[in-house]
Amino acid sequence: VMDRTRTRFGRFRMWFSIGTPVVVLGAWLLFMARPGVSETYLWIGLLIIYAGQSMTTLSQMAWAAVLSPEYNQRSRIYGWWQAANVLGMIIVLAAPAVLETWGGFTRAEGVRVMGWFIIVLMPLTLMLALLKVPEPSVVAEKDRSSLSDYLALFKRKSVQRLLAADIIINTGPAVTGSLFFFYFLTIKEFNSALAGFLLLFYFVGAFAGGPLWVRVSYRLGKHQTLALAAVIYAATQIGVLLMPAGLFGLAAALMFLAGLPFSAGPFLLRSMMADVADEERLMTGKDRTGLLYAILQGSIKVG
């Protein structure tokens, strides 16, 4: 739908604007839910917030892809995008713990603050983006993609490699993220508060890693930088596996190091997909930026 959209306001800017109130509505339903709400209520809330998230994430990634046609500038754009993404995670993760420890809030009140973080900042950051970030028009035929066009993209070697790398790179953090608290509580013998701080160290490392990997990609290229980051990620995860139980200082240092390569995969793969969109436009005359990023979002969810 985004690839078929043509308005003076822009394609991706418009869909980002449409998706924002959907996210806000879903956040209100879920984070402000009172005890005793039905399963149907929660199901509808999840459906709404994920629909909004799909619209806003997809339109934002595609919008970023058309901001610059230059190879390294795309790495810079997505590198800072990922740094901001991780900064948001850090704030949301830290807020309940800080409010509980020093503000006298209950756990439920801390979770509601997470919801208010979304509800208040989404409209404000939308206005900031609309006022400050243009959407360059791309000269290409309006795409009316059929299922055969969609499947044809999967036949491109560049698309196949990016999707395979994306599934593998996202599966690692998905596994460790799902098991994180079980692992550090039961195997490494930390309490829940210390385990939460270790997760914070991980995301601080991820925040620091964004600009670092952008610089490395200028020198090595995107694909070699991604390979290097993946090897470092594997090595640091092995370090976390082998470290002795109960040593918080060592664990914090290793979690910071493990976080450093976390940012490389998301922004480099998105930057490379922007290059693939150029390749597709040159070969077919059609702008399928939205469709390619929809495929990339799908592979993230498969992982």
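As shown above, the structure is provided for reference.
The structure presented is a predicted model; accordingly, all values stated were derived computationally and were not measured.

**Observations regarding the overall build of the protein**
- Helix and strand counts for the protein come out as 11 helices and 0 strands.
- Helices and strands in the protein line up, N terminus first, as α-α-α-α-α-α-α-α-α-α-α.
- Computed over its C-alpha atoms, the radius of gyration of the protein comes to 20 Å, within 12% of the 19 Å expected for a compact globule of 303 residues.
- Across its three principal axes, the protein shows a C-alpha extent of roughly 60 × 45 × 35 Å.
- The burial tally for the protein puts 44% of its 303 residues in the buried class.
- Contacts spanning at least 24 positions in sequence make up 76% of the contacts within the protein whose residues lie at least 6 apart.
- Carbon and sulfur atoms make up 70% of the accessible area of the protein, which totals about 15,800 Å².
- Measuring between centres, the 26 positive side-chain charges of the protein sit 3 Å from its 16 negative side-chain charges.

**Brief notes about the nonpolar core**
- Counting 41 residues, the largest nonpolar core has Y78, M273, L292 and Y293 as the members making the most contacts within it.
- At 9 residues, helix α10 (residues 264-284) tops the list of elements feeding residues into this core.
- Setting aside anything within four residues of it in sequence, one finds Y78 in contact with M61, A64, A65, F267, R270, S271 and Y293.

**Some points on the packing of aromatic side chains**
- Overall, the coordinates contain 12 aromatic pairs when judged by the stated rule.
- For the ring pair F190 and F248, a centre distance of 6.3 Å and an interplane angle of 80 degrees mean the geometry is edge-to-face. Pair noted here: F190 is in the loop between α6 (157-187) and α7 (192-220) and F248 is in helix α9 (residues 248-259), with a separation of 58 residues, a long-range link.
- For F190, a relative accessible area of 5% corresponds to the buried category.
- When the ring of F201 is compared with that of F248, the centres are 6.2 Å apart and the planes differ by 70 degrees; the resulting orientation is edge-to-face. Of this pair, F201 sits in helix α7 while F248 sits in helix α9; the two residues are 47 residues apart in sequence, bridging distant segments of the chain.
- In this structure F248 comes out as partly exposed when scored by relative accessible area, which is 27%.

**A closer look at the pattern of salt bridges**
- For the coordinates displayed, the defined rule picks out 1 salt bridge.
- We note a salt bridge from K222 to D275, for which the minimum N-O separation is 2.7 Å. Here D275 lies in helix α10 and K222 lies in helix α8 (residues 222-242), a separation of 53 residues in the sequence.

**Let's talk about unusual backbone geometry**
- Notably, E189 is not glycine yet its phi reads approximately 65 degrees, a positive angle.
- Relative accessible area serves as the criterion here: at 60%, E189 is assigned to the exposed category.

**Some remarks on a nonpolar patch on the surface**
- Taken together, W28, W116, V120, L121 and L124 make up a surface patch of nonpolar side chains, about 490 Å² in accessible area.
- In terms of residue count, the dominant contributor to the nonpolar patch is helix α4 (residues 107-132) (4 residues).
- Of note, V120 is situated in helix α4.
- In this structure V120 comes out as partly exposed when scored by relative accessible area, which is 43%.

**Observations regarding the packing of helix α2 (residues 39-65) against helix α3 (residues 71-102)**
- Between α2 and α3, the shortest axis-to-axis distance is 10 Å and the interhelical angle comes to 150 degrees. The angle between α2 and α3 falls in the class roughly antiparallel. Note on element contacts: α3 touches α2 through R74, I77, Y78 and W81, opposite Q60, M61, A64 and A65.

**Topic: the environment of I300**
- Turning to its location among the elements, I300 is positioned in helix α11 (residues 289-302).
- Sequence-wise, I300 and L163 are 137 residues apart; in three dimensions their C-alpha atoms are separated by 8.6 Å.
- If we skip the residues at most four places from it in the chain, I300 touches D166, N170 and R270.

About the cut-offs
Residues numbered from 1 in each chain as written. Predicted model: local features only at pLDDT ≥ 70, side-chain atom pairs only at ≥ 80, totals over all residues. Heavy atoms only, no water. Helix = DSSP H or I, 4+ residues; strand = E, 2+ residues; numbered from the N terminus. Rg over C-alpha atoms; globule rule 2.2 N^0.38 Å. Buried < 20%, exposed > 50% of the residue type's maximum accessible area, 1.4 Å probe, protein only. Contact = heavy atoms within 4.5 Å. Areas by Shrake-Rupley, 256 points an atom, 1.4 Å probe, with all protein chains shown as cover. Lys, Arg positive; Asp, Glu negative; His and termini not counted. Charge placed at Lys NZ, Arg CZ, Asp CG, Glu CD. Core = buried A, V, L, I, M, F, W, Y, C linked by side-chain atoms within 4.5 Å. Phe/Tyr/Trp six-rings, centres within 6.5 Å; stacked < 30°, edge-to-face > 60°. Salt bridge = Lys/Arg side-chain N within 4 Å of Asp/Glu carboxyl O. Patch = residues over 30% accessible without salt bridge, like charges linked within 9 Å, V, L, I, M, F, W, Y side chains within 5 Å. Axes fitted to C-alpha atoms, helices over the stretch in contact; angles between N-to-C directions. Parallel < 35°, antiparallel > 145°, perpendicular 65-115°, else oblique.

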